[in-house]
Amino acid sequence: QVQLVESGGGLVQPGGSLRLSCAASGSIFSISPMGWYRQAPGKQRELVATISPGGITNYADSVKGRFTISRDSAKNTVYLQMNSLKPDDTAVYYCNLNGVLGRYWGQGTQVTVSS
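Predicted model only: the values in this text are computed from it and were never measured.

Visitor: What am I meant to see in the overall build of the protein chain here?
Guide: Scanning the protein chain from terminus to terminus reveals zero helices and eleven strands. Starting at the N terminus and walking to the C terminus, you meet the elements of the protein chain as β-β-β-β-β-β-β-β-β-β-β. Here the C-alpha atoms of the protein chain give a radius of gyration of 13 Å, agreeing with the 13 Å that 2.2 N^0.38 yields for 115 residues. Projected onto its principal axes, the C-alpha coordinates of the protein chain cover approximately 40 × 25 × 20 Å. In the protein chain, buried positions account for 40% of the 115 residues.

Visitor: Just to check I follow, could you spell out the state of the cysteines for this structure?
Guide: By definition, a disulfide is the covalent link that joins the sulfur atoms of two cysteine residues. Under the counting rule described, the total for this entry stands at one disulfide. Between the sulfur of Cys 22 and that of Cys 95 lies a disulfide, 2.1 Å long from S to S. On the S-S bond that ties Cys 22 to Cys 95, the torsion sits near -80 degrees, and the link is left-handed. With Cys 22 in strand β3 (residues 18-24) and Cys 95 in strand β9 (residues 91-99), this pair connects stretches of sequence that are 73 residues apart. Summarising the burial analysis for this pair, Cys 22 and Cys 95 share the class buried.

Visitor: Please clarify how the pattern of salt bridges should be interpreted in this entry.
Guide: Side-chain pairs of opposite charge can arise whenever the charged atoms involved come near each other. Under the counting rule described, the total for this entry stands at four salt bridges. When the shortest N-O distance is used, the salt bridge between Asp 89 and Arg 66 registers 2.8 Å. A residue pair is termed long-range when its members are at least 10 positions apart, and Asp 89 in the loop between β8 (77-82) and β9 and Arg 66 in the loop between β6 (57-59) and β7 (67-72) qualify at 23 residues. Across this residue pair, the class does not change: Asp 89 and Arg 66 are buried. Connected through shared salt-bridge partners, Arg 38, Glu 46, Arg 66 and Asp 89 make up one network.

Visitor: Whenever I open this one, the sheet that holds β3 confuses me. Can you help?
Guide: Strands in a sheet are paired, the pairing made by backbone hydrogen bonds, and the direction either parallel or antiparallel. As summarised here, the arrangement of the four strands in space is β1-β3-β8-β7, forming an open sheet in which the pairing is antiparallel. Taken across any chain shown, the strands that pair with only one partner, and hence form the sheet edges, are β1 (4-7) and β7. Neighbour-to-neighbour, the strand axes of the sheet open up by a mean angle of 15 degrees, direction not taken into account. Relative to β8, β7 is paired through six bridges, and the arrangement is antiparallel. What sits directly across from Phe 67, in β8, is Met 82.

Visitor: What should I look at first to understand the packing of aromatic side chains in this one?
Guide: Working definition: an aromatic ring pair is given by the centre-to-centre distance plus the angle between the planes. Counted according to the given criterion, the structure contains one aromatic pair. Taking 5.0 Å as the distance between ring centres and 70 degrees as the angle between the ring planes, the aromatic pair formed by Tyr 37 and Trp 105 counts as edge-to-face. Of this pair, Tyr 37 sits in strand β4 (residues 34-39) while Trp 105 sits in strand β10 (residues 102-105); the two residues are 68 residues apart in sequence, bridging distant segments of the chain. Residue Trp 105 is classed as partly exposed on the basis of its relative accessible area, which comes to 34%. Over the ring of Trp 105 we find Arg 45; its NZ or CZ atom is 4.7 Å from the centre of that ring. The ring of Phe 29 has Arg 71 lying over it, and the distance from NZ or CZ to the ring centre is 4.6 Å.

The rules behind these values
- Residues numbered from 1 in each chain as written.
- Predicted model: local features only at pLDDT ≥ 70, side-chain atom pairs only at ≥ 80, totals over all residues.
- Heavy atoms only, no water.
- Helix = DSSP H or I, 4+ residues; strand = E, 2+ residues; numbered from the N terminus.
- Rg over C-alpha atoms; globule rule 2.2 N^0.38 Å.
- Buried < 20%, exposed > 50% of the residue type's maximum accessible area, 1.4 Å probe, protein only.
- Disulfide = S-S within 2.5 Å.
- Salt bridge = Lys/Arg side-chain N within 4 Å of Asp/Glu carboxyl O.
- Pairing = 2+ DSSP bridges.
- Axes fitted to C-alpha atoms, helices over the stretch in contact; angles between N-to-C directions.
- Phe/Tyr/Trp six-rings, centres within 6.5 Å; stacked < 30°, edge-to-face > 60°.
- Lys NZ or Arg CZ within 6 Å of the ring centre and 35° of its normal.

And the structure:
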């Protein structure tokens, strides 16, 4: 009923930027909190950023000042603008929709920061 598809990942050098997109199907996007999570090899999945239907955001301390989450209800899409990327940002990034009946996850997009 709800499908999430991430895009925009890739290989960048330290200090570079990427913009991730998550396109959502279904009719509940506009009323659902959205988030980005990431998981590096051998580590637990961690919260990166969240945004409420009204646009209230919060961020993990490790990305504050560098990442920006936003949403476009007309396009049913949430974005993650990532600037000043570091090697520690290397991970698979997952989009999350926190629906009333449960959470939905995308398949993930790989972000690799390396020189």
